[in-house]
There are 2 protein chains.
Amino acid sequence: MLRFLLPVSLVFSVSFASAQQPADDAATLRKLADEVLTHSNAYANLRTLTKEIGGRLAGSPQMPKAEQWGLKALQAAGADTAYLQECMVPHWVRGAKEEVRIISKRRDFVPPLQVLALGNSVGCGPDGITAPVLEVGSFDELEAKKDQVKGKIVFYNYHFNPTFIKTFYAYSDAVIYRGAGASRASKYGALAVIVRSMSHAANNFPHTGAMRYNDSFPKVPAVAIGLEDADLLSDRIKDDKDMKVYLHTDAHFLPDTIGHNVIGEIRGSEHPEEIITVGGHLDSWDVNEGAHDDGAGCVQSIEILRAFKALGIRPKRTIRIVLFANEENGTRGARKYAAAAKAANEHHVFALESDAGGFTPRGFSFVMPAEKRAKITAWKPLFLPYGLYDFEEEGAGTDVGEINEAMGTPMGELSPDSQRYFDIHHAASDVFEAVNKRELELGAFGMAGLIYMIDKYGL
Amino acid sequence: MLRFLLPVSLVFSVSFASAQQPADDAATLRKLADEVLTHSNAYANLRTLTKEIGGRLAGSPQMPKAEQWGLKALQAAGADTAYLQECMVPHWVRGAKEEVRIISKRRDFVPPLQVLALGNSVGCGPDGITAPVLEVGSFDELEAKKDQVKGKIVFYNYHFNPTFIKTFYAYSDAVIYRGAGASRASKYGALAVIVRSMSHAANNFPHTGAMRYNDSFPKVPAVAIGLEDADLLSDRIKDDKDMKVYLHTDAHFLPDTIGHNVIGEIRGSEHPEEIITVGGHLDSWDVNEGAHDDGAGCVQSIEILRAFKALGIRPKRTIRIVLFANEENGTRGARKYAAAAKAANEHHVFALESDAGGFTPRGFSFVMPAEKRAKITAWKPLFLPYGLYDFEEEGAGTDVGEINEAMGTPMGELSPDSQRYFDIHHAASDVFEAVNKRELELGAFGMAGLIYMIDKYGL
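Residues numbered from 1 in each chain as written. Chains lettered and ligands numbered in written order. Predicted model: local features only at pLDDT ≥ 70, side-chain atom pairs only at ≥ 80, totals over all residues. Heavy atoms only, no water.

### Some remarks on the sheet that holds strand β5 (residues 129–131) of chain A
Residues and elements named next belong to chain A. Using the following cut-off: Pairing between strands requires that DSSP locate at least two bridges from one strand to the other. By definition, any uninterrupted DSSP run of H or I lasting at least four residues is a helix, any uninterrupted run of E lasting at least two residues is a strand, and each is numbered from the N terminus. Lines fitted to the C-alpha atoms define the axes, with helices restricted to the stretch that makes contact. Angles between their N-to-C directions range from 0 to 180 degrees.
If you walk across this open sheet you meet the 3 strands as β3-β10-β5, and the pairing is antiparallel. If you trace the sheet from one side to the other, it starts and ends with β3 (98–103) and β5, each paired once. Neighbour-to-neighbour, the strand axes of this sheet turn through a mean angle of 15°, independent of strand direction. Note that β5 and strand β10 (residues 244–249) share 3 bridges and pair antiparallel. Looking across to β10, one finds that A131 is bridged to V245.

Spelled out as structure tokens, the structure:
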């Protein structure tokens, strides 16, 4: 076990902060941290959302339950006003059955592969698809083998690149196969696509996620399989030249339906017309409890409101906590929010999202002009004692991205440690038990501290 | 989901590093990271140690199996020499039965509490102990109530302080009740002590760990109970004035026995007489697989050796990978290692330990003169792209602490994120599945990089 002598870093960081910032900012952040780490409701709120409601895709029966949960949670946290903002959302359903099975002349038993249809995929019809498989490791390889594609199922077996330290880069590098693979293959006559799941987990859970068709080409079913099954399929293909795969999915769209952003506000005391948005997305994929993605972001955002109220922090500007609808397969919630804000000529100062999991926070990423970023970066010493040090990254979440696109609003995102995220992302393993209470709370504190400072000093 | 634009931080950090360090140091660290993240054996080695051997307390039958595992792993990793260093170790055993049960005149069913005897505790004898319970929240309260102690079981119900950001501070603050609580209470006539487990986990696993008797006072049994049961017991005590508790433990010592440190060396090419020690402790408590504590430290240390060999890195100084015996309840392995090194007049440059879990690394803590620390701190920009930024903390592990005490050797310890550690520390939940492959590998890389730099530049 560790033997600890002196908390040098605590002493070091606090005095450094004093030299740079008014001492009362450090003191307020300390009070915020104490409040969140001692009295937070975030973990309990997350338990309710995940265990009593669970998976909640746009259009599902769970979604209105989640909206009511969010409304009540914001009211209980002390919002001045809490309300629903209506929008239309797509309504995709997984359907009754999904299956991928190896069909071989050999007499050995191979269990069905662990499979999940990708979001927005079409179904295959009642008979399923039985065809040989063409494995490719890249789009380049697909193009090189385009004459071999017709009548086959294309299997994209691109691996996460382990040399990226922040796993979001490995995801960005690989997710093109999930997003665009179906149409790239159907262009050459593929009947369906199978994708190696967007993950590097040491297990066989398949990971779903949105895909998008190119309307110039036929729409063919697209599914993802677990990593161990991807390796199994790849080995089998090399070895069993007569092999075919049977693929079945009943995925389909129903008509668009009504959804809601759930919003809670603390009205600003000095500049109520200036708005700071903080939020996460309320929807999740249907296959899990949506604990990290993005129940964590929702409960962290609600916790900011509760902590401010508990400490009697009255923001100068209006703080809007927004639980966005339909981030996973449409972004209709964020688009509605941004369009309504623009149409009403609202003045938005900043938008912050938490949508990278409830893991231990390391900092924030931002998209804003250099001089605004420099203002925030000057506050780094205040956050260092709490483990938040990485303020350099560029980028932000999908929902706040709509606000930035509509109105040029400076935006940011909580940057938690990324190592575990893609183990559970969009897979059945994203459950309440995967979230650590303290990590969740430290992320909520980090967000609360940043919002406090931006509200106090402006941007 | 995140939308990532530019990896600004990667560009920023690499160019900053170039301005400060020879470009080849950054390049070597990049190669080390690529090697570890692509070809590491650490996770597979940990699976073998935890699943095929499991809990391995000093004196247990599993310990020699673990020693053989370590020897083979070091040889496979490419050690020039690998050998066992004999030492004597204590041999404490948990015994056949341990139980804590509420005895009440009420007719309600209360299941036995989740309990683990503390390491080094004595047993209670065949009839167990049945007595009323005195709950105290602190040693001050114990002293104030010392006249009420005689003939009772003292229940120390001190909670982890959640406002410490790094959880090791909360542990240091609370662990005095585990370590010293028995004798402090038996001084006033307590028959036994029950301790709230040293944890803040959201579950009821009890956590064991070493305690130490003060030989001036009677030795009474000492056990820990799960947090939920501690709350239950506390509530019950307030409510049920006639309540007693039945406590039973068969814990006892057998005679000291033989143990071994397991050591693998790469002989230095220029200064083979200068020694850098890197290691973890091979033993674990009997109640779990010893995955984080400290299988992780052992496999990370072995991985340094493998990565150096794989990349053809020939250190100038001798690198000794040491899997220490008996850290949990005696430190006899480290004491033997240090005493032998001192007796042989060895010249030790630095000693590094990993004994704070296989969680995502944030930096290192050190104990060394300021000018040596400054030398290491100047290398921070090289480590920042890999998430290692915190070099300010004071302190290091128990095993390297013995080397430092014997010979004044500068020492350090890997500092992983601490938020999850005390959820599993010394509890049945410290199993292989609690370790994340990438987090484990990043910790191994961090250590490898630090050892590389210290070997190259000296201290």
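Next, the rest of the story.
### Focus: helix α10 (residues 332–343) of chain B
Side chains of residues three or four places apart in an α-helix project in the same direction, reflecting 3.6 residues per turn. Residue and element names in this part refer to chain B. Our working definition: Multiply 1.5 Å by the residue count of a helix minus one, and that product is the helix's expected span. For every residue, the accessible area (1.4 Å probe, protein chains only) is compared with the maximum for its type, and the residue is labelled buried under 20%, exposed over 50%, or partly exposed between those bounds. Arc definition: it is the arc formed by the directions from the helix axis to the C-beta atoms. Throughout, a contact is declared for two residues whenever any of their heavy atoms are within 4.5 Å.
Taking 1.5 Å per residue, 12 residues should reach 16 Å; α10 reaches 16 Å between its end C-alpha atoms and fits that length. Three or more residues of α10 are buried, namely G333, A334, Y337, A338 and A341. Seen along its axis, α10 keeps its buried residues to an arc of 125°; they face one direction. Residues of α10 that are buried in the fold lie against β2 (81–93), β11 (252–266), β12 (271–281), β13 (317–324), β14 (347–353) and α13 (398–407).

### Topic: the relation of the copies chain B and chain A
The condition is simple: We superpose the copies by least squares over the C-alpha atoms of residues that have a pLDDT of at least 70 in both of them.
The two copies are related by a screw motion: chain B maps onto chain A through a turn of 180° and a shift of 0.0 Å along the axis, at an RMSD of 0.0 Å. Both copies are brought into coincidence by an operation consistent with a two-fold rotation axis. Across chain B, the smallest distance between a C-alpha and the rotation axis is recorded for Y389(B), namely 4.1 Å. Both copies share a contact surface, since 100% of the interface residues of chain B are interface residues in chain A too.

### What to know about the interface of chain B and chain A
Applicable threshold: The quantity reported as buried area is the accessible area (1.4 Å probe) lost by two parts once they are put together, taken as the sum for both. For salt bridges, the criterion is a side-chain nitrogen of Lys or Arg within 4 Å of an Asp or Glu carboxyl oxygen. In the analysis that follows, any N or O atom pair within 3.5 Å is treated as a polar contact, provided that within protein one partner can donate a hydrogen and the other can accept it, and provided that, for residues neighboring in sequence, both atoms belong to side chains. Each residue gets one label: Ala, Val, Leu, Ile, Met, Phe, Trp, Tyr, Cys and Pro are nonpolar, Asp, Glu, Lys and Arg are charged, and the others, such as Gly, are polar.
If you look at the interface, chain B gives 61 residues, while chain A gives 61 residues. Summed over both sides, the interface of chain B with chain A buries roughly 5,400 Å², with 56% coming from carbon and sulfur. Counting across the chain B and chain A interface gives 2 salt bridges. The interface formed by chain B and chain A holds 24 residue pairs in polar contact (both at pLDDT 80 or more) in total. No other element matches strand β16 (residues 390–397) of chain B, which puts 6 residues into the side of chain B that touches chain A. Residue composition of the side of chain B that touches chain A, by class: 29 nonpolar, 15 polar and 17 charged.

### Details of the pattern of salt bridges
Residue and element names in this part refer to chain A. A complete count under the given rule lists 66 salt bridges over all chains for this structure. E35 is paired through a salt bridge with R306; the nearest N and O atoms lie 2.9 Å apart. With E35 in helix α2 (residues 23–39) and R306 in helix α8 (residues 291–311), this residue pair connects regions lying 271 residues apart in the sequence. The class for E35 is buried, based on a relative accessible area of 11%.

### Brief notes about the pairing of strand β7 (residues 153–156) of chain B
Residue and element names in this part refer to chain B. For clarity, the threshold we go by: By convention a crossover is right-handed if, when the strands point away from the viewer, the path from the first strand over the helix to the second runs clockwise.
A two-sided burial pattern is seen for β7, the buried positions comprising I153 and F155 on one face and V154 and Y156 on the other. Here strand β6 (residues 133–136) runs beside β7; their pairing, made up of 4 bridges, is parallel. Its bridge partner being in β7, E135 is matched across the sheet by F155. Taking the sense of rotation as the criterion, the β-α-β connection linking β6, helix α5 (residues 139–144) and β7 turns out right-handed. Note: β7 against strand β8 (residues 192–196), 4 bridges, orientation parallel.

### Let's talk about the sheet that holds strand β10 (residues 244–249) of chain B
Residues and elements named next belong to chain B. Across the sheet, 3 strands lie side by side as β3-β10-β5; this open sheet has antiparallel pairing. On the outer flanks of this sheet lie β3 (98–103) and β5 (129–131), each paired with one strand and no other. Taken over all neighbouring pairs, the strand axes of this sheet differ in orientation by 15° on average, direction set aside.

### A word on the domain arrangement of chain A
A common measure of how large an interface is: the accessible area buried when the components associate. Residue and element names in this part refer to chain A. So the rule is basically this: These domain boundaries are the output of an automatic or database domain assignment.
Under the domain assignment used here, chain A contains domain 1 (32–91 + 255–457) and domain 2 (98–252). Computed over C-alpha atoms only, the centres of domain 1 and domain 2 are separated by 33 Å. Taken together, the contacts link 19 residues of domain 1 with 22 residues of domain 2. Together, the buried faces of domain 1 and domain 2 total about 1,600 Å²; carbon and sulfur atoms form 56% of this surface. Summed over the shared surface of domain 1 and domain 2, the result is 8 residue pairs in polar contact (both at pLDDT 80 or more). When residues of the side of domain 1 that touches domain 2 are assigned to their parent elements, the largest contribution, 4 residues, is made by helix α13 (residues 421–424). Split into classes, the residues belonging to the side of domain 1 that touches domain 2 amount to 8 nonpolar, 7 polar and 4 charged.

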